[in-house]
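Now for the letters of each chain:
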Amino acid sequence: FCEICLTNNCDGSAGKIATMIALVSSDNERFEVSEEAASQSQTIRNMIEDGCADGGIPLPNVTSSVLAKVLEYCNKHAATTTPDAASTEAVIGSAGTRAVLGPARHGPVVLRAVPCRAAGRRCPEGCRLDEGQDAGADQATFKIENDFRPEDVEKIRKENAWAFEE
Amino acid sequence: MAKRRRSVASGTDTTIIPDEILVSEILVRLPVKALFRFRSVCRSWRAATQDPRFVRRHLQLSRAGPPSVLDVPCEPRLEDYWSQARSKELEFRRVSPGGGVGSPPPVRAELMLAVEWSAGGVTALGNPVHCDGIVLVPTASGELFLSNPATRECFYRRFDFVDDAGGGGGYDYDVGHEVLTLGVGTWEPTEDPPYAVVPRRPICTPGAFYYTALVASADDPRPSELLRFRTRDETFDVVPNPPCFSGGVIGDLDELTELRGRLWCAHARAPAAVDIWLSTDHDDDDDLEWSVAYRVELLRPVKEFVLPLAVSADSDEVLLSVDRRVLYKFNAKKRALEIVVDMQRVPDLYGAPKPELPLRFLHHAVPYVESLVSIHRRNY
């Protein structure tokens, strides 16, 4: 039993001072986040471990409005995820299309869609932030309601079937 | 790659990214293929990706991204039997010089679009031109193949021509000139060009087309000029050639192109020495001046032409296509030429099963930028 965090399964982190990392958006706004929250991104974690994060980490292609939302989510989930569980897959829309959102280190925010294998399954909406080919992940969630009729969705998907081939 | 554990994000505690930001900041940076997948997500997404402002911004961001090259391979047989032999296939492959390490650094080639004919087909391909994501491929028998390989739109048209020539939406026909505006659908004649346009690959920019023309006079037809056709007011004027042309005539091995808003000329000063001249940064309305930007020593003499395909943001590195076969990277600071890929030696690059006889394709490479610009509708 730990007297500090008042639980039986203390990992010893409760008494530590949280290290803060600064993330700098494209419009030069600084966001202070706990190292733990920022480390949900593999890239940022690497930078921290390499000692590159001292002056703040620039994210030249993410504006402050987007970054604010992303960090809100990360802060909420920092305590509940271990560093390796950084990739939760989530979906946009209920049409069976998963969308993946990602800030790349030096490049634009990249969104990748992966067709949902079990189409028709009712998936909660949200998305995963992922970096290009690497598997670093920040997380943000947003809701999108699909206002197409199912037959229209099918028609559009058929028209653009080539886009779904890998 | 880190191991991914699948778990589903809870739907209850969510933060909302406003739709406008999602579209204007995030979707607009995605590859075209991804955007086509997202058309069925919801109505506003589909509408947004078809909106001209979105298309323009997407193109702008695409231009600012890492350079890529479009390769249109052509069988040599088609050139041996010029305008007689046909191929039932036309392919557009995107070649991305990798940023990785290794000697030579890795290159990725991706088949973007393969067009097949069940009957007929295309004759030998002329030099393709590219502008804003749209590629135009003329053929020996006077056909035009137009495509946006990223969106897979295609347009194919036959012409009866007296001279064979390539045009970027403009054509020379004797001394006439007609423009086809995509989305409008008919060829409209414009004023006649003041001089006879030579069958050479033109430079195509959204603001103007540049043709090499012979400023013919009865006794000396040799000097060539650069004719500019401004699309805004559909008029011709003459702009200066780079001063390196001996006798004022463009050399047979020389090539003209446009990169990052400037006109480029690769001039073969000697068989294995190429000087690259750049025009001043200009609007297609102004006068322009030329100056030497790079001097490249090649490993062997040029046989056909040298075409600059891309330049790095800091202008230190230039990607060059030589003789429709090899891609080189020239580093101006180190004055070093490095081979990126010999496209004839690497059939694996294209994932094709190895043919029994080595099939030496000719690789028409042009600079390429992905876009959503439509051939059939005005969405730009």
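As recorded in an unreviewed UniProt entry, chain B goes by the name F-box domain-containing protein, listed as coming from Eragrostis curvula.

Looking at an unreviewed UniProt entry, one finds chain A named SKP1 component POZ domain-containing protein and attributed to Eragrostis curvula. According to the UniProt record, the Sequence similarities (unreviewed entry) comment for chain A reads "Belongs to the SKP1 family." The record in UniProt for chain A states the following under Pathway (unreviewed entry): "Protein modification; protein ubiquitination."

**Section: unusual backbone geometry**
Residues and elements named next belong to chain B. Despite not being glycine, Arg152 has its phi angle at roughly 70 degrees, a positive value. You can see Arg152 is positioned in the loop between β6 (143-148) and β7 (153-158). For Arg152, a relative accessible area of 32% gives the class partly exposed.

**Some points on the nonpolar core**
Ranked by internal contacts, the top residues of the largest apolar core, which has 73 residues, are Leu23 of chain A together with Leu27, Trp45, Leu90 and Phe92 of chain B. Core analysis: the next-biggest nonpolar cluster, separate from the first, contains 19 residues, Leu259, Val274, Val302 and Leu337 of chain B among them.

**Focus on the packing of helix α1 (residues 19-26) of chain B against helix α3 (residues 43-50) of chain B**
Residue and element names in this part refer to chain B. Between α1 and α3, the shortest axis-to-axis distance is 11 Å and the interhelical angle comes to 35 degrees. The interaxial crossing formed by α1 with α3 has right-handed handedness. Across from Asp19, Leu22 and Val23 in α1, the residues of α3 making contact are Ser44, Trp45 and Ala48. By residue class, the composition of the contact of α1 with α3 is four nonpolar, one polar and one charged.

**Overview of the sheet that holds strand β5 (residues 134-138) of chain B**
All names here are of chain B. Strand order in the open sheet made by the four strands is β4-β5-β6-β7, with antiparallel pairing throughout. What marks the edges here is a single partner per strand, and that holds for β4 (129-131) and β7. Geometrically, the sheet is characterised by an average inter-axis angle of 15 degrees between neighbouring strands, direction not taken into account.

**So, the packing of aromatic side chains**
All names here are of chain B. Tallied over the full model, the rule gives 11 aromatic pairs over all chains. Taking 6.5 Å as the distance between ring centres and 65 degrees as the angle between the ring planes, the aromatic pair formed by Phe209 and Tyr211 counts as edge-to-face. Look at Tyr211 and you get buried, because its relative accessible area is 3%. Within the aromatic cluster, the residues linked to one another by ring pairs are Phe92, Trp117, Phe145 and Tyr156. If you follow Arg39 out to its NZ or CZ, it ends over the ring of Phe36, 4.2 Å from the centre. The aromatic ring of Phe305 is capped on one face by Arg201, whose charged end is 5.4 Å from the ring centroid.

**Digging into the sheet that holds strand β21 (residues 317-322) of chain B**
Residue and element names in this part refer to chain B. The strand order β20-β21-β22-β23 describes an open sheet built from four strands, whose pairing is antiparallel. One side of each edge strand has no neighbouring strand; the edge strands of this open sheet are β20 (306-311) and β23 (336-342). For this sheet, the mean inter-axis angle between neighbouring strands, taken without regard to orientation, is 30 degrees. Sheet topology places strand β22 (residues 326-331) next to β23; six bridges connect them, and they run antiparallel. Residue pairing across strands places Asn331 opposite Ala336, the latter belonging to β23.

**What about the packing of α3 of chain B against helix α4 (residues 52-64) of chain B?**
All names here are of chain B. Between α3 and α4, the least distance of the axes is 5 Å, while the angle of their chain directions is 65 degrees. Across from Ala48, Thr49 and Gln50 in α3, the residues of α4 making contact are Pro52, Phe54 and Val55. Residues of the contact of α3 with α4, tallied by class, amount to four nonpolar, two polar and no charged.

**Digging into the pattern of salt bridges**
Residue and element names in this part refer to chain B. Enumeration over the complete set of coordinates arrives at 22 salt bridges over all chains. Residues Arg86 and Glu143 are paired through a salt bridge, measuring 3.1 Å at the closest nitrogen-oxygen approach. Taken as a pair, Arg86 in the loop between α5 (76-80) and β2 (89-97) and Glu143 in strand β6 lie far apart in primary sequence, 57 residues in all. In this structure, Glu110 and Arg94 form a salt bridge, with 3.4 Å as the shortest nitrogen-oxygen distance. Placement of the pair is Glu110 in strand β3 (residues 107-116) and Arg94 in strand β2, with a sequence separation of 16 residues. For Glu110, a relative accessible area of 37% puts it in the partly exposed group. Salt bridges here are not isolated pairs; linked through shared partners, they connect Arg228, Arg230, Asp233 and Asp237.

Cut-offs used in this document
Residues numbered from 1 in each chain as written. Chains lettered and ligands numbered in written order. Predicted model: local features only at pLDDT ≥ 70, side-chain atom pairs only at ≥ 80, totals over all residues. Heavy atoms only, no water. UniProt positions renumbered as here; feature names shortened; annotations may be inferred. Helix = DSSP H or I, 4+ residues; strand = E, 2+ residues; numbered from the N terminus. Buried < 20%, exposed > 50% of the residue type's maximum accessible area, 1.4 Å probe, protein only. Core = buried A, V, L, I, M, F, W, Y, C linked by side-chain atoms within 4.5 Å. Axes fitted to C-alpha atoms, helices over the stretch in contact; angles between N-to-C directions. Left-handed = near helix turned anticlockwise from the far one by under 90°. Contact = heavy atoms within 4.5 Å. Nonpolar A, V, L, I, M, F, W, Y, C, P; charged D, E, K, R; others polar. Pairing = 2+ DSSP bridges. Phe/Tyr/Trp six-rings, centres within 6.5 Å; stacked < 30°, edge-to-face > 60°. Lys NZ or Arg CZ within 6 Å of the ring centre and 35° of its normal. Salt bridge = Lys/Arg side-chain N within 4 Å of Asp/Glu carboxyl O.

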